[in-house]
Amino acid sequence: MNPHLLTILIFLPLLAAAVMLTVPARRQSAYRYIALVTGLFQLVLSGGMYYLFHPKGAGISQERLYQFVDHIPWIRLDMGGLGRLEIDYFVGVDGLSMPLLFLSALVMVIAIGASWNVQKSAKGYFVLLMTLDMAVMGVFSALDFFLFYVFYELMLLPLYFLIGIWGGVRREYAAIKFFLYTLFGSVFMLLVIVGLYFSVTNPDTGAHTFNMLYMMDPANYVSGSFFSALANQELFSIPARLLGFIVLFIAFAIKVPIVPLHTWLPDAHVEAPTPISIILAGILLKVGGYGILRICFSIFPDAAVQSAWWLGLIGVVSIIYGALVALTQHDLKRMIAYSSVSHMGFVILGMASLTTEGTAGAMFQMISHGFLSAALFFLVGMLYDRVHDRGIYHFRGLATLMPRYTVFVALAFFASLGLPGFSAFIGEVFVIIGTFNAESVNGLLPRWMAIAGSVGILLSAAYFLWTLQRMFFGQPYLKGGGAWSKALTDASPRETAIMVPMLVLALVLGVYPALAFDKINASVLALVELVVGN
Amino acid sequence: MIDLIWLIPLLPLVGFLLNGLGRNVLSKPLVGLLGSGVVLASFLLSCGVFAEVYTARQAGEPAVFIQSVFEWIAAGSLEVSLSFLVDPLSAIMLLIVTGIGFLIHVYSIGYMKHDAGFAKFFAFLNLFVFFMLVLVLGSNYAVMFIGWEGVGLCSYLLIGFWFKNKEFASAGKKAFVMNRIGDLSFLIAVFLIFNTFGTLEFTGVFPQAAGMAMGDTTLLLVTLLLFVAATGKSAQIPLFTWLPDAMAGPTPVSALIHAATMVTAGIYMIARSNILFTLSPVTLQIVAAIGICTALLAAAIAITQNDIKKVLAYSTVSQLGYMFLGLGVGAFTGAFFHVITHAFFKALLFLGAGSVIHAMGDEQDMRHMGGLKKHLPITYVTMLVATIAIAGIPPLSGFFSKDEILAHAFSANKLLWVLGFVGALFTAFYMFRLLSLTFFGKFRGTTEQADHLHESPASMTVPLIILAVLSAVGGLLNVPSALGGGQALANFLSPVFADSAAVTGPFHLDHSTEYVLMAVSAVGAIVMAVVAYRQYAVKGTVPKADDAPRGVLAKLSYHKFYVDELYDTLVVRPLNALSVFFYRIVDRAGIDGLVNGLGKRVGESAQGIRLLQNGNVGSYIFMMVIAAVLILAFGVFNG
C-alpha cells in the first residue's frame with residue numbers, strides 16, 4: 001500500500017501551474033488563490049507526512065530505511081559496449097529531508113502570502129513560483145543523482161526570471177550575478193556526477209547507475225574507476241575523491257553561502273521582490289546545506305573527514321565575517337542578508353564537527369533559520385510595501401507609529417540573536433557543543449573554533465539591537481515626512497496572520513525542540529556513523 | 001507545598017501573558033492587581049516551600065528537593081531536563097525575589113500611575129520575576145542559563161521602557177550587549193562543564209568536582225569563565241559600565257532588577273558553584289582582587305556624582321564588589337548574607353529616591369533638591385534607616401554582613417581588609433552626602449517644584465516602611481558568635497557550602513581581634529558620616545556645576561575615570577572600522593571586483609556567439625541536450 005504521497009507533494013504545484021495556464025490573464029486574482037490553495041494543501045500534506053514519519057527511519061545509505069519511497073525505472077538505455085544506462089525516478093524521505101520538506105511547504109505559503117499584491121503579469125509570476133515550488137520539493141526528495149540534478153537546475157531558471165523581471169532597480173545585474181555564481185557551481189557538479197556514474201554500478205544488475213545510495217557504498221565502485229577509493233586516482237595531483245568532494249562542496253557552498261562565495265546573496269536579496277527573498281533565505285540556502293550532508297558527506301565520507309578542519313574554518317569565517325559586515329549596513333534587507341551569511345556559517349561549522357550534536361545542531365539551525373529568515377524578510381517587505389524604502393537611517397521611532405509591527409520585529413530579532421527559548425538558540429548551541437566536543441570525540445576541530453563561533457552570537461546581538469534602537473526607538477522621524485507617516489500603517493490582519501504562526505513556531509521549537517530532534521536524530525546518527533565510522 | 005514548586009515561576013508568567021495580551025483592554029487597577037497578585041501568590045507559595053526547607057533543616061537534613069518538569073533537550077549525548085532545585089540557598093532567594101518583588105510591584109502601582117505604558121510595564125516586570133525565578137530554581141546550568149539570559153532581556157526591555165528617549169534606548173542596548181559578553185562566557189563554561197562531567201545537573205557536577213584535585217586546570221578554566229559571566233551580570237570590572245546607564249529605566253526597575261535581584265545573580269551562581277571555586281584558589285584570588293577593585297573604583301566615582309540614582313547605581317556596583325570580595329576570601333555565607341541585607345536597604349534606597357523624584361516632578365539632580373525632610377517625612381526616615389544600614393553603622397543590618405566579609409578578608413590578607421575598610425569609609429561618606437544634599441539644608445529647586453512637593457501615596461510609602469524594618473533588623477539573621485549570636489544563616493546554609501568547608505576547614509578568628517575590627521570600621525563609618533553631614537547639611541555646600549574647574553582627582557571621579565571613553569576607543573571604534581573595512585574593501589572592491597571583472601570579460605567575449613542566444617526555449621533545450629551528450633561522451637572516454 002503506497003499512496004505516493006511524496007510524488008503528489010512534489011508534482012502538485014505542476015498541476016497548479018497547468019491549471020493557471022488555462023485561466024485567462026484578465027482574471028488576475030485567480031492565480032494567487034490557486035497558488036494559496038496549492039500551498040496550503042502542500043503544507044497539510046507535508047505536515048501529515050511529518051507526523052506519520054517514523055523517527056527510526058534513519059535513511060542515509062539504506063533504501064529500506066527511507067520512507068514514502070517511490071522507486072520506478074525512468075530511463076533505460078542500452079549503450080552497447082558501455083552497458084545499460086540506468087536512471088530511476090527514485091524519491092524518498094529520511095530525517096534529513098523530512099523537516100526540510102515541511103519547512104519548504106511552510107515558507108512557500110508565506111511567500112505566496114507575501115505575493116498577494118503582485119500586479120505585474122501575475123500569470124507568469126505564479127506559474128514560475130509553482131515551478132520553483134516543484135523543483136525544491138524534488139531536490140529534497142530525489143535519491144537518484146540525475147533526478148536530483150534535474151530538479152536542482154530547474155530551481156535555477158524560475159529564480160533567475162523571478163529576480164530578473166519582478167525585481168528592483170538593479171535586478172538584471174543581481175539576476176545575472178546569481179545565475180553565474182550558481183551555474184559555475186553546477187557545471188562542475190555535472191562533471192562529478194558523470195564521473196560517479198562511471199565509477200559506480202548497481203550490484204544487482206551490474207549496470208552503471210545514478211542511484212545515490214549505491215554511491216555511498218564503497219563496495220559498488222568498479223575497481224580502478226576514477227572515484228574508487230582503492231584506485232587512488234589523481235587529477236592535477238589532487239586525489240580524485242578529494243577533488244570530487246571539493247567540487248561538489250563548492251557547488252553547494254555557493255548556495256549556503258560561504259565566505260568568500262557569498263557576494264551574490266546580498267545583491268540578489270536586495271533586488272529580489274519580497275517573496276523571492278523569503279524563498280531564497282528560507283529554502284534555497286538550505287538546499288546548499290542539505291546537499292553537503294546528503295551528497296558530499298555521504299558519497300565522499302573519507303574526503304569529508306580530511307577536509308573537516310577547513311570546513312570548520314570556513315564556517316567560523318562566515319559566522320564572524322557575516323556578522324561584522326552586517327554591523328555596517330545601511331539597508332535593512334542587506335543587513336539581514338549578511339546576518340544570513342553569519343547564521344548559515346553555523347550550519348557549516350556544525351557539519352564540519354562530524355559529531356551527532358553538531359550535525360543535529362546544523363539541521364536544527366537550517367530549520368530555525370528557514371522560517372526566521374523568512375519572517376525577517378517578510379518584515380522588511382512590510383516596510384518596503386508601505387514607503388518603498390528600506391534605509392535604516394531613514395526611519396526613527398517606528399515603535400510609536402507601528403506598535404504591533406515593532407513587537408513582531410523585536411520578537412524576530414531576539415529570536416534570531418539566539419535568545420534561549422527561541423529556536424535559533426538551540427541550533428547555535430548544539431553546533432557549538434558539537435564543535436567543542438569534536439576535539440575529544442574525533443579530534444577533527446580545535447576548540448578555538450567553538451569559541452570563535454560563539455563570538456558570532458555576541459555580534460548578532462550588536463547588529464540586531466543597534467538596528468532596533470536606530471529605527472524603532474527615539475522620537476519619530478521619517479525621511480519621507482508626513483506622507484510616510486500616513487503610509488506607515490500598523491500590521492494588517494493578513495500580515496499578522498502570517499507573522500504570528502512563524503513566531504509561535506520559533507518559540508515552540510525553542511521550548512520543545514524534541515519536535516524536530518525526534519525526527520532528525522536517527523538519520524544524524526546514521527550519517528555520522530557513515531562518515532566517521534569508516 | 002514542595003510539589004507546587006513549578007507554580008512559583010509559572011504564576012508570574014501567567015501574569016505576563018495576561019497583562020501583555022490584555023494591555024489595551026484591561027483597566028489600570030485590574031492590571032496592577034493582576035501584576036502584584038501573581039507575585040504575591042508566588043511569595044506565599046515560596047513561604048510554604050521555605051517552611052518545609054526550614055523544618056527539614058531543623059531536623060538536621062540537607063533539605064534538597066528536585067522537581068523535574070519535562071525533558072527539554074535530548075540529542076546525541078546531551079540530555080537536559082527542565083527541572084527545579086530547592087535547597088536552603090534557593091529557598092532564601094525565592095523569598096527575596098518574590099517578597100521584594102511583590103513590594104516593588106505594589107510601589108509601582110503608585111509610581112507608574114500616570115504612565116501610558118502601565119500594563120506593558122507590569123507585563124515586563126512579571127516576566128522579569130518569572131525569569132529570575134527560573135534562574136534561581138534551575139537544577140542545572142542550562143536552566144540557570146535560560147533564566148540568566150531571560151533576566152537580561154527583561155532588563156533591556158525595562159531600561160529602554162521610555163524608548164522615545166534616544167539615550168534611554170541606547171542604555172538598554174549597552175546593558176544587553178555587555179551582559180551578553182558575560183553570557184557568552186557562561187555558555188562556554190557550560191560546554192566545558194558538559195564536556196568534563198558529562199552532565200549539567202548540579203547534583204551530578206558537584207560531587208564529581210569535589211573529588212578533583214585542588215588547582216585542577218579544567219576547574220580553573222571553568223571557574224574563570226563563570227566568573228567572567230558573573231562580572232557581566234553583577235556589574236564588576238571590566239563589565240560594570242552598563243549598570244549606571246541602566247538607571248534610565250523607571251525607578252522601581254532600578255530597585256528590583258538593578259539593586260535587589262538580577263545583579264546579585266552572579267553572586268548566587270558562584271555561591272551555588274562554591275565547590276568548583278574552592279578548588280581553584282587562583283580564581284578565588286582573582287575574584288577577591290576584582291571585587292575589591294570594583295568596590296573602591298565605584299565608591300570613588302560615587303562620591304562626586306550629583307544624580308541621585310547615579311550615586312545609588314555606583315553604590316550598588318561597589319557593594320556588589322564587597323560581595324565578590326567575600327566570595328573570593330571564602331566567606332560564602334557572608335557574601336550571601338550581604339546579598340540579603342543589600343537587597344533590603346538598596347531596594348529601599350532606590351524606592352526612596354523614586355519617592356523623591358516623584359515629588360520633585362522627575363528631577364534627579366541633587367543640586368536642585370535640599371530640605372525635603374519636612375515635605376517627605378516617611379521617605380526621609382526610611383531612607384535614613386537605609387543609609388545607616390549601608391554605611392555599616394551598628395546595629396543595623398549592613399554592619400553585620402559587611403563585618404563578616406571584612407573579618408574573612410582580614411584573615412585571608414590584611415591588605416584586603418585595609419582596602420575594604422577604605423571603601424567602607426567612602427560608602428559612609430557618599431551615602432550621608434546623598435542624604436544631606438537631598439533632605440537637609442534649603443530647598444534649591446524651582447518654585448513650581450516647591451509647590452508640587454508632597455509625600456507619596458500609601459502604595460509607595462508602605463513598601464518603604466516594610467523595607468526599612470527589614471533593613472534595620474536584617475542583621476539578626478546571622479549575628480556572629482563574637483557578639484553572642486547563633487549564626488542562624490550560616491547553620492541554615494551549611495549543607496550548601498559543606499563540600500567547600502570540608503576543603504578549607506572551619507574559619508576562626510579570635511574574638512578580641514574581631515572586636516577591634518568591628519570597632520574600627522564602626523567608628524570610621526560614623527566619622528565619615530559626620531564629615532559628610534557637616535559639609536553638605538550644616539555648611540550647606542552645593543556641588544559644583546558640570547563645567548566648573550575641578551582638581552585632577554575630582555575630575556577623574558566626576559568623569560567616571562573615563563572608562564566609557566576608553567572602551568569606545570579600544571573596542572567600539574576598531575570594531576566599526578573592521579566592519580567597514582570588510583564591507584567596503586574585501587566584499588565590494590575585492591570579491592565583487594573580481595566577480596564583476598570576470599563577468600565583464602565573459603560578456604565581451606560572448607558578443608561573438610551572441611547569436612546562439614536567440615530567446616527560443618526550444619533551441620535552449622536542444623543545446624542543453626547536445627551539451628549533456630557531449631559531457632557524457634567526455635566522461636566515457638576518460639572513464
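Since the structure is predicted, the reported quantities are computational estimates derived from the model, not experimental observations.

**Things to note about the overall build of chain B**
The helix and strand inventory of chain B stands at 26 helices and two strands. Along the three orthogonal principal directions, the C-alpha set of chain B runs to about 100 × 65 × 55 Å. Taking all 639 residues of chain B together, the buried fraction comes to 57%. In chain B, the share of contacts with a sequence separation of at least 24, taken over all contacts with a separation of at least 6, comes to 81%. Summed over all atoms, the accessible surface of chain B reaches about 24,000 Å², with 68% contributed by carbon and sulfur. Computing the positive centroid from 35 side-chain charges and the negative centroid from 33, chain B places the two 12 Å apart.

**Regarding the interface of chain A and chain B**
Each side of the interface is counted separately: chain A has 65 residues, and chain B has 49 residues. A buried area of about 5,100 Å², summed over both sides, lies between chain A and chain B, and 72% of it is on carbon and sulfur atoms. In this structure, the connection of chain A to chain B is made through two salt bridges. Residues A:Lys177 and B:Asp592 are paired through a salt bridge, measuring 2.8 Å at the closest nitrogen-oxygen approach. There are 20 residue pairs in polar contact (both at pLDDT 80 or more) connecting chain A and chain B. For the side of chain A that touches chain B, the class distribution of residues is 43 nonpolar, 16 polar and six charged.

**Thoughts on the side chain of A:Asp133**
Counting through the fold element by element, A:Asp133 comes out in helix α4 (residues 122-141). Among buried charged residues, A:Asp133 stands out as having no salt bridge; its nearest opposite-charge side chain is A:Lys255, 16 Å away.

**Re the confidence of the model for chain B**
Residues and elements named next belong to chain B. The pLDDT averaged across chain B works out to 88; a share of 94% of its residues lies at or above 70. This model gives residues 614-619 a pLDDT under 50, and the stretch forms three contacts once residues within four places in sequence are excluded. Reported confidences for the modelled complex are a pTM of 0.91 and an ipTM of 0.89.

**Side note on helix α13 (residues 356-387) of chain A**
Residues and elements named next belong to chain A. The end-to-end C-alpha separation of α13 is 46 Å, in line with the 46 Å expected for 32 residues at 1.5 Å each. Across the 32 residues of α13, 30 count as buried, placing the element largely inside the fold. Following α13 by one or two positions, His388 adopts a phi angle in the positive range, close to 55°.

**Re the packing of aromatic side chains**
Residue and element names in this part refer to chain B. Scanning all chains against the criterion turns up 65 aromatic pairs over all chains. A ring pair is formed by Tyr380 and Phe439, whose centres lie 5.3 Å apart and whose planes are at 55°; its orientation type is tilted. With Tyr380 in helix α16 (residues 377-391) and Phe439 in helix α18 (residues 414-439), the pair connects residues that are 59 residues apart, well separated along the chain. What makes Phe439 buried here is its relative accessible area of 1%.

**Quick word on the pattern of salt bridges**
Within the structure shown, the criterion is met by 17 salt bridges over all chains. In this structure, A:Asp302 engages A:Arg241 in a salt bridge whose closest nitrogen and oxygen atoms are separated by 2.7 Å. Remark: A:Arg241 occurs in helix α8 (residues 240-255) and A:Asp302 occurs in helix α11 (residues 301-327); sequence separation between them is 61 residues. Here B:Asp568 and B:Arg573 are joined by a salt bridge, their closest N and O atoms 3.1 Å apart. Overall, the relative accessible area of 27% leaves B:Asp568 in the partly exposed class. Each of A:Arg170, A:Lys177, A:Asp267, A:Arg334, B:Arg588 and B:Asp592 takes part in a single network of salt bridges with overlapping partners.

The rules behind these values
- Residues numbered from 1 in each chain as written.
- Chains lettered and ligands numbered in written order.
- Predicted model: local features only at pLDDT ≥ 70, side-chain atom pairs only at ≥ 80, totals over all residues.
- Heavy atoms only, no water.
- Helix = DSSP H or I, 4+ residues; strand = E, 2+ residues; numbered from the N terminus.
- Buried < 20%, exposed > 50% of the residue type's maximum accessible area, 1.4 Å probe, protein only.
- Contact = heavy atoms within 4.5 Å.
- Areas by Shrake-Rupley, 256 points an atom, 1.4 Å probe, with all protein chains shown as cover.
- Lys, Arg positive; Asp, Glu negative; His and termini not counted.
- Charge placed at Lys NZ, Arg CZ, Asp CG, Glu CD.
- Buried area = accessible area lost by both parts, 1.4 Å probe.
- Salt bridge = Lys/Arg side-chain N within 4 Å of Asp/Glu carboxyl O.
- Polar contact = N/O pair within 3.5 Å; in protein donor to acceptor, adjacent residues only side chain to side chain.
- Nonpolar A, V, L, I, M, F, W, Y, C, P; charged D, E, K, R; others polar.
- pLDDT = per-residue confidence, 0-100.
- Expected span 1.5 Å × (residues − 1).
- Phe/Tyr/Trp six-rings, centres within 6.5 Å; stacked < 30°, edge-to-face > 60°.

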